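Architecture and fold: a report
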Amino acid sequence: QLRLVESGGGLVQPGGSLRLACVVSGSTLDFYTIGWFRQAPGKEREGVSCIRSSEGITYYTDSVKGRFTISRDNAKNTVYLQMNSLKPEDTSVYYCAAEPPIITPQAMCQGGIDYWGKGALVTVSS
């Protein structure tokens, strides 16, 4: 029973920071590639950043490169998304997702998803 639970969303001013956490239960992180996706109202779901936990290999979509950092703590079965220099365009519901580890982070962020969390709302506004 793989379960993904997101936390850390909230309201932040432009230029501020948030750290999202995805706690994975039911399996070790070594068995999955984990990703952060977002979907704003009226827009398609977008792969933000993905990581294969066993090696720490990562992928970022162009719009967040240099501002967001994905990381993992295998001992805590947790994947983090540190979001700095937030822009209003980053406002969205952020979802944690999982795929079998044969899937590379790039392929995961650009393709389909097997398992999803329920989402964490991030609002960037004054």
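Reference entry: report on the structure contained in this document.

Overview of the nonpolar core
Among the nonpolar cores identified, the biggest contains 26 residues, and L20, I34, W36, F68, L81, M83 and Y94 are the most heavily contacted of them. Counting only elements with at least two residues in this core, the list comes to β3 (18-25), β4 (33-39), β5 (46-52), β7 (68-73), β8 (78-83), β9 (92-99) and β11 (120-124). The element best represented in this core is β3, accounting for four residues. When sequence neighbours within four positions are dropped, the list of residues in contact with Y94 reads E6, L20, W36, F37, R38, V48, F68, L81, M83, G119, A120 and V122. Core analysis: the second largest hydrophobic core is formed by seven residues, F37, Y59, A97 and I113 among them.

A closer look at the packing of aromatic side chains
Tallying each qualifying case throughout the model produces three aromatic pairs. Here Y32 and Y115 contribute two aromatic rings whose centre-to-centre distance is 6.3 Å and whose plane-to-plane angle is 90 degrees, an arrangement assigned as edge-to-face. Of the two residues, Y32 sits in the loop between β3 and β4 while Y115 sits in strand β10 (residues 115-116), which places them 83 residues apart along the sequence. Here Y32 falls in the buried class, since its relative accessible area comes to 15%.

Regarding the sheet that holds β3
Pairing is antiparallel in the open sheet, where four strands are placed in the order β1-β3-β8-β7. Sheet topology places β1 (3-7) and β7 at the edges, where each strand pairs with a single neighbour. Adjacent strand axes in the sheet meet at a mean angle of 15 degrees when their direction is disregarded.

Structural notes on unusual backbone geometry
The phi angle at N77 is positive, at roughly 50 degrees, despite the residue not being glycine. Relative to the helices and strands, N77 is located in the loop between β7 and β8. Backbone geometry at S85 places phi at a positive 50 degrees, although glycine is not the residue there. Take S85: it is sitting in the loop between β8 and β9.

Concerning the pairing of β1
Across a regular strand the side chains alternate sides, sitting on one face of the sheet and then on the other. Alternating positions in β1 separate cleanly, L4 and E6 being buried on one face and R3, V5 and S7 remaining unburied on the opposite face. Across five bridges, β1 lies against β3 in antiparallel orientation. The partner of E6 across the bridge, within β3, is C22.

So, the side chain of T61
Relative to the helices and strands, T61 resides in the loop between β6 (57-60) and β7. By relative accessible area, which is 14% here, T61 ends up buried. In this structure, T61 is in contact with E46, G47 and V48, ignoring residues within four places of it in sequence.

Conventions adopted
- Residues numbered from 1 in each chain as written.
- Predicted model: local features only at pLDDT ≥ 70, side-chain atom pairs only at ≥ 80, totals over all residues.
- Heavy atoms only, no water.
- Core = buried A, V, L, I, M, F, W, Y, C linked by side-chain atoms within 4.5 Å.
- Buried < 20%, exposed > 50% of the residue type's maximum accessible area, 1.4 Å probe, protein only.
- Helix = DSSP H or I, 4+ residues; strand = E, 2+ residues; numbered from the N terminus.
- Contact = heavy atoms within 4.5 Å.
- Phe/Tyr/Trp six-rings, centres within 6.5 Å; stacked < 30°, edge-to-face > 60°.
- Pairing = 2+ DSSP bridges.
- Axes fitted to C-alpha atoms, helices over the stretch in contact; angles between N-to-C directions.

In short, the description is geometric, and any link to function would need to be established separately.
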